[in-house]
Amino acid sequence: MVRTDDSGDGEVEPDDNLRCFGETVKASRRRAGLTQEQLAPLIGYSVQYVGSVEQGRRHPSQKFVNKTEAVLDSFGVIGIAAKQLTRRRGLASWFRRWAELEEGAVTLNTYECRSVPGLLQPESYARALIDNVPPLATPEEAEARITARTERQRLLLRTPYVLFSFIIEQALIERRTGGTEVTRELIDRLLACGELPNVDVQIMPLVQPVHAGTDGPFQLLETNEHEWLGYSEGQQSGLVISDPKDISLLHQRYAKLRIQALNPAESADLLMRMRGSL
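Residues numbered from 1 in each chain as written. Predicted model: local features only at pLDDT ≥ 70, side-chain atom pairs only at ≥ 80, totals over all residues. Heavy atoms only, no water.

Novice: How should the overall build of the protein be read in this particular structure?
Specialist: Of the regular secondary structure elements, the protein holds 12 helices and eight strands. With the C-alpha coordinates aligned to their principal axes, the bounding extent of the protein is approximately 70 × 40 × 35 Å. When the 278 residues of the protein are sorted by exposure, 45% land in the buried category. Intrachain contacts of the protein at a sequence separation of at least 6 include 71% that bridge at least 24 residues. Accessible surface for the protein amounts to roughly 14,500 Å². Of this, 52% is attributable to carbon and sulfur atoms. For the protein, the distance from the average position of its 33 positive side-chain charges to the average position of its 38 negative side-chain charges is 2 Å. (Helix = DSSP H or I, 4+ residues; strand = E, 2+ residues; numbered from the N terminus. Buried < 20%, exposed > 50% of the residue type's maximum accessible area, 1.4 Å probe, protein only. Contact = heavy atoms within 4.5 Å. Areas by Shrake-Rupley, 256 points an atom, 1.4 Å probe, with all protein chains shown as cover. Lys, Arg positive; Asp, Glu negative; His and termini not counted. Charge placed at Lys NZ, Arg CZ, Asp CG, Glu CD.)

Here is the structure:
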């Protein structure tokens, strides 16, 4: 649980990412020959705040990061650690392992029937999703999730290219999550991503009597060591799949889905027609 106070973000249960950041601050402080009591007034924070950060019990504010970086002269190490922490902060705990695997992927295939995948979401659509699902996020939590999602989207443009394939149900767009203007922005985003040389966007039409994805959404990922892994997610849970038999099954289903969905050119035509009807 979060316990708020007037000194910044509240205290939280420690996790590995927060502990790692805290250890980085502690090591930099000790290298500078300072105690917590000596550092606190130099950066304008209480001793309790510094201690909580070093113990991995508090998300540091950006001001704290900037001040400690300057005072401790850590050669950018604290700033780098904070960027990694920010990215992880906005990710669900059960998704973090998969997000780490994404960063080293050479191929990523995604079938989604619940909401448009995060890698393809414009900010307006992402905010609408966050506002829809209880419990409602605080403004700070919402911003952290948006930041994490935006950071992940850089994978689409990274070189050497990662090869992406997305199969998305037409119903997700027809739903008009967030309203008409948000849906226009969503379609524009899908069309723009579909024009990237390393990205295929396919729409599964509303009427498709033969459908290989009725067991739910999933992803397949090829690592830079050419190992294939899968991912399946439900309510408040996620599972990374490595068993070769299960991976083979997912490959079979994805191959069928690619045939059953509209091809990328047909999908782009459908998206443009849908946008024109809004």
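Novice: Sorry if this is basic, but what is going on with the packing of aromatic side chains here?
Specialist: Remark: the centre distance and the inter-plane angle together describe each pair of aromatic rings, the angle taken between the planes. The tally for this structure, following the rule as stated, stands at seven aromatic pairs. Pairing Trp98 with Tyr231 gives two aromatic rings, centres 5.2 Å apart and planes at 20°, and the pair type is stacked. In this pair, Trp98 is assigned in helix 6 (residues 96-103) and Tyr231 in strand 7 (residues 228-234), connecting sequence segments 133 residues apart. As far as burial versus exposure is concerned, Trp98 and Tyr231 are alike and both buried. Site record: aromatic cluster; members linked through ring pairs are Tyr45, Tyr49 and Phe64. (Phe/Tyr/Trp six-rings, centres within 6.5 Å; stacked < 30°, edge-to-face > 60°.)

Novice: I would appreciate a short explanation of the sheet that holds strand 6 (residues 218-223) in the present structure.
Specialist: Through backbone hydrogen bonds, the strands of a sheet pair up, either in parallel or in antiparallel fashion. If you trace the six strands from one edge of the open sheet to the other, you get 5-4-3-6-7-8, paired in mixed fashion. Two strands in the sheet have a free side with no partner beyond their single neighbour: strand 5 (199-204) and strand 8 (237-241). Neighbour-to-neighbour, the strand axes of this sheet turn through a mean angle of 15°, independent of strand direction. Judged from the six bridges that link them, strand 3 (residues 105-112) and strand 4 (residues 163-169) form a sheet pairing that is parallel. What sits directly across from Tyr111, in strand 4, is Ile167. (Pairing = 2+ DSSP bridges. Axes fitted to C-alpha atoms, helices over the stretch in contact; angles between N-to-C directions.)

Novice: I tried to follow the environment of Gly76 on my own but got confused; where do I start?
Specialist: On the secondary structure map, Gly76 appears in the loop between helix 4 (62-72) and helix 5 (77-89). Distance in space between the C-alpha atoms of Gly76 and Asn66 is 9.9 Å, their sequence separation being 10 residues.

Novice: How do you make sense of the confidence of the model for the protein when you look at a structure like this?
Specialist: Atomic detail in the predicted coordinates should be set aside for any region of low pLDDT. Summary statistics for the protein give a mean pLDDT of 88 and a share of 90% for residues scoring 70 or more. Below a pLDDT of 50 lies the segment residues 1-13, which in the model reaches 32 contacts outside its immediate sequence neighbourhood of four places, other chains included. (pLDDT = per-residue confidence, 0-100.)

Novice: What is the right way to look at the pattern of salt bridges in this model?
Specialist: A side chain with one charge may pair with a side chain of the opposite charge, provided their charged atoms come close. What the rule picks out here adds up to 12 salt bridges. A salt bridge links Arg29 to Glu54; its shortest N-O distance comes to 2.6 Å. Remark: Glu54 occurs in helix 3 (residues 47-54) and Arg29 occurs in helix 1 (residues 16-31); sequence separation between them is 25 residues. The buried category is assigned to Arg29, whose relative accessible area is 7%. On the basis of relative accessible area, Glu54 is assigned to the buried category, the value being 3%. Between Arg184 and Glu181 there is a salt bridge whose closest N-O contact spans 3.0 Å. (Salt bridge = Lys/Arg side-chain N within 4 Å of Asp/Glu carboxyl O.)

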